[in-house]
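If you want the building blocks of each chain, they are given just below.
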Amino acid sequence: MRLSKTKQFFLTLAAFLVLGISFKVMVLVEGLTEVRPVNAIPPAAGLLFGPVGALACGIGNLLADMAGTLSAGSVLGVIGNFTAAYLPYRLWYLRSEEKPNLHSGKNIIKYIAISAVSAVTVASILFFGLYVLQGVWMEQIFIIVFFNNLGFSIGLGMPIIIILTSEGINVDCCPPPGKKMRRKNSAEMRKK
């Protein structure tokens, strides 16, 4: 299934807003973070939709913050959620051009490793960013953000990717960085 970039953006944005706003009431650190099942969206959106999915996650986080936690730290949330989507996209294609899927043990391990790197990166952005912007030094924010990102990326993000890349749905993933998807012409389609 091929979705236009506009549909990719708005589908990701809608999913992010529904999950992001719904769980604003489950606060972990007042004014900073909450239980975030929405953290399953960025790696899935990044792997499936590339930079478009990453942009939708960044903007989605800002819009979700407007539902109760908007602050100077929201800028870090935009950067963090963009990174949480864009980094998996770039890392997936680092050594291969295989489209993202979790239909083999090797790819599941690859996804978990990418999710861990992404979770450390996002937690670092928020942890050090809060210190620089607001003078807030809270060791637990790193741990909370890390486990929020890693746990939901694996527990909820993996099933999302498995379903969306299954034969029944088969969402057409964004091509590797620097490559454009080639559309099949009618002669190639008739051969199949």
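Residues numbered from 1 in each chain as written. Predicted model: local features only at pLDDT ≥ 70, side-chain atom pairs only at ≥ 80, totals over all residues. Heavy atoms only, no water.

Sorry, what's going on with the overall build of the protein chain here?
For the protein chain, the helix and strand inventory stands at 7 helices and 2 strands. Walking the protein chain from its N terminus toward its C terminus, one meets helices and strands in the order α-β-β-α-α-α-α-α-α. The 192 residues of the protein chain split such that 43% are buried. Just so you have it, the protein chain exposes about 10,100 Å², and 68% of that area is on carbon and sulfur atoms. (Helix = DSSP H or I, 4+ residues; strand = E, 2+ residues; numbered from the N terminus. Buried < 20%, exposed > 50% of the residue type's maximum accessible area, 1.4 Å probe, protein only. Areas by Shrake-Rupley, 256 points an atom, 1.4 Å probe, with all protein chains shown as cover.)

Could you clarify how one ought to interpret the packing of aromatic side chains in this entry?
Given two aromatic rings, their pairing is described by the distance between the two centres and the angle made by the two planes. Applying the stated rule across the entire model yields 11 aromatic pairs. Geometrically, the ring pair formed by tyrosine 86 and tyrosine 89 is tilted, given 5.8 Å between the ring centres and 50° between the ring planes. Taken together, the residues span about one helical turn, with tyrosine 86 and tyrosine 89 both in helix α4 (residues 74-92) at a distance of 3 residues. For the ring pair phenylalanine 127 and phenylalanine 128, a centre distance of 5.0 Å and an interplane angle of 75° mean the geometry is edge-to-face. (Phe/Tyr/Trp six-rings, centres within 6.5 Å; stacked < 30°, edge-to-face > 60°.)

Hey, could you run me through the pattern of salt bridges in this one?
Pairing between side chains of opposite charge can happen when the charged atoms of each approach one another. This structure, assessed with the given rule, holds 2 salt bridges. Between lysine 99 and aspartate 172 there is a salt bridge, with its nearest N and O atoms 2.8 Å apart. One end of the pair, lysine 99, is in the loop between α4 and α5 (105-134); the other, aspartate 172, is in the loop between α6 (139-164) and α7 (186-191), with 73 residues separating them in the sequence. (Salt bridge = Lys/Arg side-chain N within 4 Å of Asp/Glu carboxyl O.)

Quick question: what am I supposed to make of the environment of isoleucine 162 here?
Note on placement: isoleucine 162 falls in helix α6. Take isoleucine 162: its relative accessible area is 30%, and that puts it in the partly exposed class. Sequence separation between isoleucine 162 and leucine 102 is 60 residues, and the spatial gap between their C-alpha atoms is 5.7 Å. Beyond its immediate stretch of four places on either side in the chain, isoleucine 162 contacts Leu102 and His103. (Contact = heavy atoms within 4.5 Å.)

What am I meant to see in the nonpolar core here?
Within soluble globular proteins, side chains that are nonpolar generally end up buried alongside one another. Counting residues in each nonpolar core, the largest one holds 16 residues, and the members touching the most others are Leu47, Phe49, Trp92, Tyr93, Leu102, Tyr111 and Ile161. Contributions of two or more residues to this core are made by α2 (41-49), α4, α5 and α6. Top element by residues in this core is α2. It accounts for 4 residues. When neighbours within four sequence positions are excluded, isoleucine 161 is seen to be in contact with Pro43, Ala44, Leu47, Leu102 and Tyr111. Core analysis: the second largest hydrophobic core is formed by 13 residues, Ala84, Val122, Ile141 and Phe146 among them. (Core = buried A, V, L, I, M, F, W, Y, C linked by side-chain atoms within 4.5 Å.)

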